[in-house]
Amino acid sequence: MLTPEDVVNRLARLSFARLRPSERRKLAEALDTPELRGQVFDRFGAFLRGLPLETADGQDELLVAVADLNMTGFWDRLPKRVIHDWQRFGVDRERLQCLASLVRGYDGAAAERIEHALKPRVQRADEARPDPAIRQVIY
């Protein structure tokens with residue numbers, strides 16, 4: 001009998017696009033478990049980073065993975081901070097843009113979160129900014 005932990009551990013060796021229905025159900029359970037949810041997001045980031053999107057097979061695999069993950073509620077639970085983590089760990093902008101365009105067909109809010117994470121951060125007026133003209137220390 002598969003447990004949610006088993007499925008999360010298998011994700012290191014399997015593609016997200018090749019999950020059987022029973023594995024998808026357990027993945028949905030894993031997403032309901034806070035300790036496992038982070039591992040699932042990390043594994044998907046590694047999957048996305050290593051996917052050969054320049055080939056038709058890689059693009060097809062991502063399309064199938066996006067559809068399969070939609071059935072587990074993955075996109076509903078995807079926070080912006082995870083997308084920033086993916087960027088820090090090497091998932092490039094083009095991959096995230098491709099992902100956002102595919103996710104939009106299933107979950108517009110999740111696609112917006114992905115696209116929002118891609119926008120350059122603009123400093124708000126109320127945030128403190130050091131003045132580069134001030135060079136001396138005032139005591």
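Bear in mind that the values here come from a model prediction, so they are computed numbers and not experimental data.

Conventions and cut-offs
Residues numbered from 1 in each chain as written. Predicted model: local features only at pLDDT ≥ 70, side-chain atom pairs only at ≥ 80, totals over all residues. Heavy atoms only, no water. Helix = DSSP H or I, 4+ residues; strand = E, 2+ residues; numbered from the N terminus. Buried < 20%, exposed > 50% of the residue type's maximum accessible area, 1.4 Å probe, protein only. Contact = heavy atoms within 4.5 Å. Areas by Shrake-Rupley, 256 points an atom, 1.4 Å probe, with all protein chains shown as cover. Arc of directions from axis to C-beta.

Engineer: Where do I start with the overall build of the protein in this structure?
Structural biologist: Helices and strands together make up the secondary structure of the protein, namely 7 helices and 0 strands. Relative to its 139 residues, the protein shows a buried fraction of 37%. A sequence separation of at least 24 residues applies to 63% of the contacts in the protein between residues at least 6 apart. A total accessible area of about 8600 Å² is found for the protein, and carbon and sulfur atoms account for 52% of it.

Engineer: Which parts of the structure should I look at to understand helix H6 (residues 93-103)?
Structural biologist: Helical geometry: 3.6 residues make up each α-helical turn, so side chains three or four residues apart lie on a common side. All buried positions along H6 are accounted for by Arg95, Leu96, Leu99, Ala100 and Val103. Here the buried residues of H6 occupy an arc of 135° about the axis, which is enough to place them on one side. Buried-residue contacts for H6 involve helix H3 (34-50), helix H4 (56-72), helix H5 (80-88) and helix H7 (108-118).

Engineer: Explain the side chain of Glu61 to me, please; I cannot follow it from the model alone.
Structural biologist: With respect to the helices and strands, the residue Glu61 is situated in helix H4. Each residue touching Glu61, except ones within four places of it in the same chain, is listed here: Ser15, Ala17, Arg18, Phe47 and Leu51.

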